[in-house]
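Per-entry structural report
Here are the chains, one letter per residue:
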Amino acid sequence: MSDRTIILTMVDESWASPGSVLGIFLESFKYGEDTQMFLNHLLVIAMDPKAYEYCISLHHNCIHPNTFAHYFATKTQSNTSPDHRSFSWRRNNVLLEMLGLGYNTIFTEADVLWLRNPLSHFDPIRELSISCDSSSNGQTSHYFHDGGVFFLKANAIAFEFLRYWKLFKVLYPKSLDKSSLCATIMQNQDAVEAYGFRVNHIKETSFGGFCQQTKDTLREAYTIHANCCDDLTSKVQDLRSVLDDWIQFRKNVSGSDKMIMRWPGKCLGWKFT
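For the structure given in this document, a descriptive report is provided here. This structure is a prediction, so every number in the text was calculated from the model and none was measured.

Secondary structure assignment for the protein yields 10 helices and 10 strands. Taking all 273 residues of the protein together, the buried fraction comes to 53%. Long-range pairs, those at least 24 residues apart, make up 71% of the contacts in the protein between residues at least 6 apart in sequence. By element, 51% of the accessible surface of the protein is carried by carbon and sulfur atoms, the whole surface being about 12500 Å².

Next comes the structure, spelled out in structure tokens:
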């Protein structure tokens, strides 16, 4: 964009194939409110050759895996969502390179639907704009999730903090939520303050997800993340249902209060009525 902001996502073969996640992700930009223009600024990094071949059949800004071959050399295909630990390593290395080149970066998971233009939620001054949500395993542990989309400002503070994040995961590989930027912030406030890393916390209802769905999601959310769903088949089916509901919602806003929310029936095993 004019301010050197790019939108970035990453996909492997399992997510970039006919009938999988990538097609629904790109389609959401076309049906969102004031989101179609973002396709011109969206870079899709393919993590393997098959993902690249499929990507270029749908989108004009796909990055060949050879560009980041040193990060993707050990990638293996999965029938579920990408392994969060290895994916996080690769993502963070790519983000460091983008920040080092001076690009403000909006990172979005590919299993996110873009329903509305979210730029107004991104603080152009603070290093990070992110939505964080916590969940419990039913005992004493709490896990932090991000909303699937976050904004990083390209400056020296952000660059050095990401280097710290990378080092932290090397030194403490068994730490909880090691793939979550939200967890790193919540569990390392001393480091956040020491680096002067400023965080703009976005309310959860603006960047929604399957973990924290409500009846008002279609009315309030700018993006919806298919989190709390590791099974790829269920993820794809529910993403399609949400997008179809969103399309109907836009066609008939006046009657939206009576809409039946079908999602996320496959991922969570129930639905709103």
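Here the narrative resumes.
Let us now look at the nonpolar core. In terms of nonpolar packing, the biggest core is built from 46 residues, with L22, L42 and W114 touching the most fellow members. Looking at this core, the elements with two or more residues in it are β1 (5–11), α1 (21–31), β2 (42–46), α2 (49–56), β5 (112–114), β7 (142–152) and α9 (232–251). Per-element tally for this core: the top contributor is α9, with eight residues. The contacts of W114, once residues within four sequence positions are left out, are I7, F25, S28, F29, G32, T35, F38, I106, T108, V149, Y222 and T223. Formed by 29 residues, the second largest nonpolar core is a distinct cluster that contains F107, A191, F197 and V199.

This paragraph deals with the packing of α1 against α9. Interhelical geometry of α1 versus α9 gives an angle of 15 degrees and a closest axis separation of 10 Å. In terms of their interaxial angle, α1 and α9 are classed as roughly parallel. Crossing of α1 against α9: the hand is left-handed. Contacts between α1 and α9 involve V21, I24, E27, S28 and Y31 from the former and L232, K235, V236, L239, R240, L243, W246, I247 and R250 from the latter. When its residues are assigned to classes, the contact of α1 with α9 shows nine nonpolar, one polar and four charged.

Attention now goes to the side chain of N227. Assignment of secondary structure puts N227 in the loop between β10 (223–225) and α9. Overall, N227 belongs to the buried group, its relative accessible area being 8%. A polar contact of 2.9 Å, which involves the side chain of N227, links it to the backbone nitrogen of C211. Excluding residues that lie within four positions of it along the chain, N227 makes contacts with D146, G209, F210, C211 and Q212.

Take the pattern of salt bridges next. If you walk through the whole model with that rule in mind, you get 11 salt bridges. Two residues, D123 and R126, come together in a salt bridge whose shortest N-O distance is 3.5 Å. Taking the relative accessible area as the measure of exposure, R126 reaches 35% and is therefore partly exposed. Through salt bridges that share partners, E27, R240 and D244 make up one connected network.

On to α1. Here α1 has its buried residues at V21, L22, I24, F25, L26, S28 and F29. Of the surrounding elements, those touching the buried residues of α1 are β1, β2, α2, β4 (104–108), β5 and α9.

Glancing now at the pairing of β2. Most of β2 is tucked away: four of the five residues are buried. Direction of pairing for β1 relative to β2: parallel, over a ladder of five bridges. Its bridge partner lying in β2, M10 is registered against I45. In this fold, the crossover linking β1 to β2 by way of α1 has right-handed handedness. Relative to strand β3 (residues 62–63), β2 is paired through two bridges, and the arrangement is parallel. Counterpart to I45 in the pairing with β3 is I63. Handedness of the β2-α2-β3 crossover: right-handed.

Our next topic: the packing of aromatic side chains. All told, the structure shown has 11 aromatic pairs when counted by the stated rule. Residues F25 and F29 carry aromatic rings whose centres are separated by 5.2 Å and whose planes lie at 90 degrees to one another, so their mutual orientation is edge-to-face. Taken together, the residues F25 and F29, both in helix α1 and four residues apart, mark about one turn of the helix. Judged by relative accessible area, F25 falls into the buried class, the value being 1%. Using a relative accessible area of 0% as the deciding quantity, one classes F29 as buried. Seen in terms of ring centroids, Y164 and Y195 are 5.6 Å apart; in terms of plane orientation they differ by 45 degrees. Their pairing is tilted. Taken as a pair, Y164 in helix α5 (residues 156–171) and Y195 in helix α7 (residues 189–195) lie far apart in primary sequence, 31 residues in all. A relative accessible area of 18% places Y164 in the buried class. Three or more aromatic residues joined by ring pairs form one cluster here, namely F25, F29, F38 and W114. The lysine or arginine in question, R91, covers the ring of F107, its NZ or CZ lying 5.6 Å from the ring centre.

How each quantity is defined
Residues numbered from 1 in each chain as written. Predicted model: local features only at pLDDT ≥ 70, side-chain atom pairs only at ≥ 80, totals over all residues. Heavy atoms only, no water. Helix = DSSP H or I, 4+ residues; strand = E, 2+ residues; numbered from the N terminus. Buried < 20%, exposed > 50% of the residue type's maximum accessible area, 1.4 Å probe, protein only. Contact = heavy atoms within 4.5 Å. Areas by Shrake-Rupley, 256 points an atom, 1.4 Å probe, with all protein chains shown as cover. Core = buried A, V, L, I, M, F, W, Y, C linked by side-chain atoms within 4.5 Å. Axes fitted to C-alpha atoms, helices over the stretch in contact; angles between N-to-C directions. Parallel < 35°, antiparallel > 145°, perpendicular 65-115°, else oblique. Left-handed = near helix turned anticlockwise from the far one by under 90°. Nonpolar A, V, L, I, M, F, W, Y, C, P; charged D, E, K, R; others polar. Polar contact = N/O pair within 3.5 Å; in protein donor to acceptor, adjacent residues only side chain to side chain. Salt bridge = Lys/Arg side-chain N within 4 Å of Asp/Glu carboxyl O. Pairing = 2+ DSSP bridges. Right-handed = clockwise from strand over helix to strand, strands pointing away. Phe/Tyr/Trp six-rings, centres within 6.5 Å; stacked < 30°, edge-to-face > 60°. Lys NZ or Arg CZ within 6 Å of the ring centre and 35° of its normal.

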